[in-house]
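Reading the structure
Below are the chains, spelled out letter by letter.
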2 protein chains.
Amino acid sequence: MLGIVLDRGSQISLSRQLFIAVQQNILNGTLKANEPLPSTRSLAKDLGVSRNTVSEAYEMLATECYIASNPGSSSRVCSGLNLNRVIQQKKAEASYTENVSKTVLRADFKTGQPDLNFFPRTVWGQCLREALLALPVDKLGYGGAKGFYLLRQEIAHWLLRSRGLEVSYHDIMICSGTTQALNLLTDLLHQPEHEFVLEHPSHQGLHTVLGDKGYPVRPIPVDTQGLDVHLLPQTQISAVYITPSHQFPLGGILPASRRSQLVRLAAEQDFYVIEDDYDSEFRYCGAPISPVYALAPDRVIYVGSFSKTLFPALRIGFVILPKALQQRWCHYRTFMDVQNSISEQAALALFLQKRKMDRHIRQMRNIYAEKRQHLLHAIHKIFGSQTTVLGDASGLHLVLHLPDADFSAPFAQQALVAGIRINPVINYCTSPDGHQDKLLLGYGHLTHKQIEEGVQVLHQFCQRYRF
Amino acid sequence: MLGIVLDRGSQISLSRQLFIAVQQNILNGTLKANEPLPSTRSLAKDLGVSRNTVSEAYEMLATECYIASNPGSSSRVCSGLNLNRVIQQKKAEASYTENVSKTVLRADFKTGQPDLNFFPRTVWGQCLREALLALPVDKLGYGGAKGFYLLRQEIAHWLLRSRGLEVSYHDIMICSGTTQALNLLTDLLHQPEHEFVLEHPSHQGLHTVLGDKGYPVRPIPVDTQGLDVHLLPQTQISAVYITPSHQFPLGGILPASRRSQLVRLAAEQDFYVIEDDYDSEFRYCGAPISPVYALAPDRVIYVGSFSKTLFPALRIGFVILPKALQQRWCHYRTFMDVQNSISEQAALALFLQKRKMDRHIRQMRNIYAEKRQHLLHAIHKIFGSQTTVLGDASGLHLVLHLPDADFSAPFAQQALVAGIRINPVINYCTSPDGHQDKLLLGYGHLTHKQIEEGVQVLHQFCQRYRF
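Figured I'd write up the structure that's included with this text.

Calculation rules
Each chain has its residues counted from 1, following the order in which its sequence is written. A letter from A marks each chain and a number from 1 marks each ligand, given out in the order of writing. At least 70 in pLDDT is required for a residue's local features to be given in this predicted model, at least 80 for side-chain atom pairs to be given and counted, and no such filter applies to totals for whole chains, interfaces and linings, which use all residues. Only heavy atoms go into the side-chain values, all of them from the structure, while hydrogens and water stay out. Here, any two strands with at least 2 DSSP bridges between them count as paired. Per the convention used, a helix needs a DSSP run of H or I reaching at least four residues, while a strand needs a run of E reaching at least two, with both numbered from the N terminus. When checking whether two residues touch, look at their non-hydrogen atoms; a contact exists if any pair is within 4.5 Å. Only C-alpha atoms enter the line fits that serve as axes; for helices the fit covers just the stretch in contact. Angles between N-to-C directions range over 0 to 180 degrees. Working definition: a ring pair exists when centres of Phe, Tyr or Trp rings (six-membered ring for Trp) sit within 6.5 Å. Plane angles under 30 degrees give stacked, over 60 give edge-to-face, the rest tilted. Partly exposed describes any residue whose relative accessible area lies between the buried limit of under 20% and the exposed limit of over 50%, with all areas from a 1.4 Å probe on protein chains only and scaled to the type maximum. Should the NZ of a Lys or the CZ of an Arg lie within 6 Å of a ring centre and within 35 degrees of the ring normal, that charge is described as sitting over the ring. Our superposition of the copies is a least-squares fit, built on the C-alpha atoms of residues whose pLDDT is at least 70 in both. Put simply, a nonpolar core is a bunch of buried Ala, Val, Leu, Ile, Met, Phe, Trp, Tyr and Cys residues held in one set by side-chain atoms that sit within 4.5 Å of each other. Oblique is the label for any angle not covered by the other classes, which are roughly parallel (under 35 degrees), roughly antiparallel (over 145) and roughly perpendicular (65 to 115). Crossing handedness follows the turn of the near helix against the far one: under a right angle anticlockwise gives a left-handed crossing, and clockwise gives a right-handed one. Under the scheme applied here, ten amino acids are nonpolar (Ala, Val, Leu, Ile, Met, Phe, Trp, Tyr, Cys and Pro), four are charged (Asp, Glu, Lys and Arg), and all others, including Gly, are polar. The salt bridge criterion pairs a side-chain nitrogen of Lys or Arg with a carboxyl oxygen of Asp or Glu, the two atoms within 4 Å. Throughout this description, a polar contact denotes any pair of N or O atoms lying within 3.5 Å of each other; where both atoms belong to protein, one of them has to be capable of donating a hydrogen while the other can accept it, and for residues adjacent in sequence the pair is counted only when both atoms sit in side chains. Throughout, right-handed denotes a crossover for which the path from the first strand over the helix to the second runs clockwise when the strands point away from the viewer.

A separate point is the sheet that holds strand S4 (residues 172-175) of chain B. Residue and element names in this part refer to chain B. Strand order in the open sheet formed by eight strands is S4-S11-S10-S9-S8-S5-S6-S7, with mixed pairing between adjacent strands. Edge strands, defined here as strands with exactly one partner in the open sheet, are S4 and strand S7 (226-227). Looking at chain direction, strand S5 (residues 195-200) and strand S6 (residues 217-223) are connected through five bridges and run parallel. Within S6, the residue paired with Leu198 across the bridge is Pro219. Across the sheet, helix H7 (residues 204-213) touches S5, S6 and strand S8 (237-242), and the angle it forms with S5 is around 160°.

Right, dumping it as structure tokens:
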């Protein structure tokens, strides 16, 4: 009947296979409406399977109303089921796959990449297991949008001992990293006819988010000290986004006078400041910069991340949020993705509580400081005195300035073809405005050897352009 | 000077304390612009700390431009820093805290709650640790919006062996649960002047998401067989959302004729169907219902969840997505929260690969089946013959129908005061329309004893209303 072939070696049960075969025959019109099906006894005999198998398949078909069972007579095909379509072809693989063949890179200066080889994975695995087993059983259920309270408490302790920042854990909300925080905050802070003020140049991610949502953006130029607060528009502002500890990408530290003026304006004009503190844990000459948040906890939203200090695929970050915004944050978070997963929140709480975090950051700060020194040395030796390096000595990247160069669009593309991954600062600009002579060099993930060879390769490539 | 008191027992370093104290004095106007600071030597002597401590504090102040250092003369306070505000008071605790005092519940029929006592936590902890240690180091970095490919492959295998569903892992996207999937899909599928069609009654979460975004909604009544497809509007449709395996909340199974008609209309009128398969793994009489997805993989988006089969705080779900939507899905996911965390994706892949999932679901299916029987028995015994139970024998809840009852708003509130948590079906309705005589009873998380006592308490409470 119907060309049904059952595969006894399959993972799918025989009854499920039979169900699918009959279903397909009904949907493609081979079995017509009201047509009687063979009895379970005769079909079982034809197919060489037990009568039970056929009964089970018929039961599934009846449950989903492909057939109507009639006690004492044959089951019949229900009507209105012919889809007039050929049985679905094996699907062609998508062109959008993850296994894109990649050029072999001879130099990879991508930014924001911590050195994952030094991540204490065994310790983290122990924390994961230990924390999971210690959780009260109800913590496996829904736990609320704010996040696991033990983690929030440990983050508060950590901010106090590492930054001198005194904050109640009630004001700390756990989230899935900075991207989620910014996505959520834009919805939270958007007001019709108001603009979001962004640094220029700045990371392009937030531009994309705001563009997708159709929220208006006003880029304001930065100088060597970060956002030029005097240039803030007189128009209505939804929020001002800043990276005051280490401006991304140019590396300036926002000075106290601009900080005070900004929070003063925020209060006067009634807007919020979003402080993205993406890598200030790694500062190589002097203490970490203190957050703007401390100046005005009712006007500044502090966004912290563990992507650089631990690892990007952890997806845990946090915000310190003015009380006036907390209820709406929880609403949006609940309907965005409910909450963070519990196991990793609990593991991170333990990692912080055991001071493993402090130790890891100390170790990585030394490692990154050495890498930075190595990079500076290589730049000086290979590029010579015509180049300068911009930005504060912190984070996982620096800015190379070649006064006569033009790193506009074709440069990075052709560099990639030549095996060099590099980010010109102009990529972070919404308009061509004089940053075309600057390159961003990420070094966190590179070995000393890779740094030296990378600078060599980059220099040769620049020479082809006569920079 | 300046009433600075340093706390030698504090977690905060002495230099950081000094920095904060001077900063506060500058911000509140006690130290005026251009005022000279004491020399490091004299301040160190006054405070009884090392000169190094003071130098460090001054350096931090200079870095952030609170003071200007002058070689050979005193450091001076920079101008424009007086915030004219009192030093921030210790913050009052938010009224919006998590420690709301709760009524002690005598009966808790909340829905969607698996029994977390049976979750194999030790096995899960082992999977977490084992999977983490086996990960290549680059998997700790950014891994792409689609999710960890090993997990996607294991889900594909599992769908094949448990549901007979043949799907390429390239079409499976990992997400942080159904809520995120629906939030993202609404943005993906929304078209101006088009409506989202929802079942009525249905879960209120999606209503809230669509309402927040301002996307128009058209509720269509369900009957005992789920969505009445004949009532679909002739207007333009962004997408149709259905729960075909076990309509939430009423429990109907969408019959084959309606399924075929729906996917036929989807092709004709060019809309997508969102199939939310939230609990069909737990079906107690017969095989799991086969997904609508199998009928039209290019028109149906299948949304699967592990919140009921494993635990809600895991936050892993998945969608099977038509190829035409995959690129935009990845875009939205990247800018929403980048990706899921890697450790739990890897642990779940291992849990599936080792067939621990199959075993856990088999065990829980038996446990829930017994609970359901126990609940049916208790209802029959205590409420007697005037009540009926609606819906297919699956999932973690059932619907109790008392023909003469009116469970509208005051009932559930007063029940809660009396220690009974209960969801009337009318809570899931956007209009009062004849479902006021139905109650939703979730039983997944209850013991047999709690079930029996809960039904008893509920019956007594109903009697006060003369139902």
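Attention now goes to the packing of aromatic side chains. Taken as a whole and judged by the stated rule, the model has 34 aromatic pairs over all chains. Aromatic side chains A:Trp124 and A:Phe311 sit 6.2 Å apart centroid to centroid with 85° between the ring planes, which places their arrangement in the edge-to-face category. With A:Trp124 in helix H4 (residues 121-134) and A:Phe311 in the loop between strand S10 (300-305) and strand S11 (317-320), the pair connects residues that are 187 residues apart, well separated along the chain. Judged by its relative accessible area of 0%, A:Trp124 is buried. A:Phe311 gets classed as buried once you look at its relative accessible area, which sits at 0%. On the basis of an interplanar angle of 85° and a centroid distance of 5.7 Å, the ring pair of B:Phe248 and B:Tyr278 is categorised as edge-to-face. In this pair, B:Phe248 sits in the loop between S8 and helix H8 (256-269) while B:Tyr278 sits in the loop between strand S9 (272-277) and strand S10 (300-305), placing the two residues 30 residues apart along the sequence. Accessibility assignment for this pair places B:Phe248 and B:Tyr278 in one class, buried. One aromatic cluster in this structure is built from A:Phe119, A:Trp124, A:Phe311 and A:Phe351. For B:Arg299, the ring lying beneath its charged end belongs to B:Tyr272, and the centroid distance is 5.1 Å.

When chain B is fitted to chain A, the best match, at an RMSD of 0.1 Å, comes from turning it 180° and sliding it 0.1 Å along the axis. Here the two chains are linked by the operation of a two-fold rotation axis. Taking C-alpha positions as the reference, the residue of chain B nearest the rotation axis is B:Arg129, at 3.3 Å. In this assembly the copies share their binding face: 99% of the residues contributing to the interface of chain B also contribute to that of chain A.

The next subject is the sheet that holds S11(A). All names here are of chain A. What the eight strands build is an open sheet, ordered S4-S11-S10-S9-S8-S5-S6-S7; its pairing is mixed. For this open sheet the edge positions go to strand S4 (172-175) and strand S7 (226-227), each flanked by a neighbour on one side alone. Relative to S7, strand S6 (residues 217-223) runs antiparallel, the two sharing two bridges. Following the sheet pairing, Asp223 is matched in S7 by Gly226. Lying over the sheet, helix H8 (residues 256-269) contacts S6, S7, strand S8 (237-242), strand S9 (272-277) and S10, oriented at roughly 160° with respect to S8.

This paragraph deals with the pairing of strand S16 (residues 438-442) of chain A. All names here are of chain A. Extensive coverage of S16 is indicated by the burial of five of its five residues. Residue alternation in S16 divides its side chains into two sets, Lys438, Leu440 and Gly442 and Leu439 and Leu441, and both sets are buried. Pairing geometry for strand S13 (residues 397-401) and S16, over five bridges, is antiparallel. What sits directly across from Val399, in S16, is Leu440. Across two bridges, strand S15 (residues 423-424) lies against S16 in antiparallel orientation. Counted as the bridge partner of Asn423 is Leu440 from S16.

This part takes up the nonpolar core. A:Trp124 and B:Trp124 are the most contacted members of the largest nonpolar core, which has 237 residues in total. Of all hydrophobic cores here, the second largest spans 52 residues; its members include A:Tyr241, A:Ile301, A:Trp329 and B:Leu210.

What follows deals with the packing of helix H6 (residues 177-189) of chain A against helix H7 (residues 204-213) of chain A. All names here are of chain A. Two elements in contact, H6 and H7, have axes whose closest approach is 10 Å; the angle formed by their N-to-C orientations is 40°. One finds that H6 runs oblique with respect to H7. Along this stretch, H6 crosses H7, giving a crossing that reads as right-handed. Contact residues: Leu182, Asn183, Thr186 and Asp187 in H6; Leu206, Val209, Leu210 and Lys213 in H7. When grouped by side-chain class, the residues that make up the contact of H6 with H7 number four nonpolar, two polar and two charged.

This part covers the side chain of A:Thr387. Mapping A:Thr387 onto the fold places it in the loop between helix H11 (356-383) and strand S12 (388-390). Other than its neighbours up to four places away in sequence, A:Thr387 contacts A:Ile379, A:Leu400, A:His401 and A:Leu402.

A cis geometry characterises the amide bond from A:His200 onward to A:Pro201, with omega recorded as 0°. Within the element layout of this structure, A:Pro201 appears in the loop between strand S5 (195-200) and H7. Of note, A:Arg355 is a non-glycine position whose phi angle comes to about 65°, a positive value. Secondary-structure assignment places A:Arg355 in the loop between helix H10 (342-353) and H11. On the accessibility criterion, A:Arg355 (36% relative accessible area) is partly exposed. Positive phi, close to 60°, is recorded for B:Asp270, a residue that is not glycine. Here B:Asp270 is to be found in the loop between H8 and S9.

Taken as a whole and assessed by the stated rule, the structure comprises 32 salt bridges over all chains. Between A:Arg283 and A:Asp392 there is a salt bridge whose closest N-O contact spans 2.8 Å. Remark: A:Asp392 occurs in the loop between S12 and S13 and A:Arg283 occurs in the loop between S9 and S10; sequence separation between them is 109 residues. The burial state of A:Arg283 is the same as that of A:Asp392; both residues are buried. In this structure, B:Glu452 engages B:Lys381 in a salt bridge whose closest nitrogen and oxygen atoms are separated by 2.8 Å. Taken as a pair, B:Glu452 in helix H13 (residues 448-464) and B:Lys381 in helix H11 (residues 356-383) lie far apart in primary sequence, 71 residues in all. Taking the relative accessible area as the measure of exposure, B:Glu452 reaches 26% and is therefore partly exposed.

Turning our attention to the interface of chain B and chain A. In this assembly, 114 residues from chain B lie in contact with 115 residues from chain A. Here chain B and chain A share two salt bridges between them. In this structure, the connection of chain B to chain A is made through 30 residue pairs in polar contact (both at pLDDT 80 or more). The leading source of residues in the side of chain B that touches chain A is helix H9 (residues 323-337) of chain B, at 10 residues. Across the side of chain B that touches chain A, the residue classes tally to 48 nonpolar, 39 polar and 27 charged.

In this section: the pairing of S5(B). Residue and element names in this part refer to chain B. The buried count for S5 comes to six of six residues, which makes it a mostly enclosed element. Where S5 lies against S8, three bridges are found, and the strand directions are parallel. From the neighbouring strand, Val197 faces S8, where its bridge partner is Val240. Note that the unit made of S5, H7 and S6 has a crossover that is right-handed.

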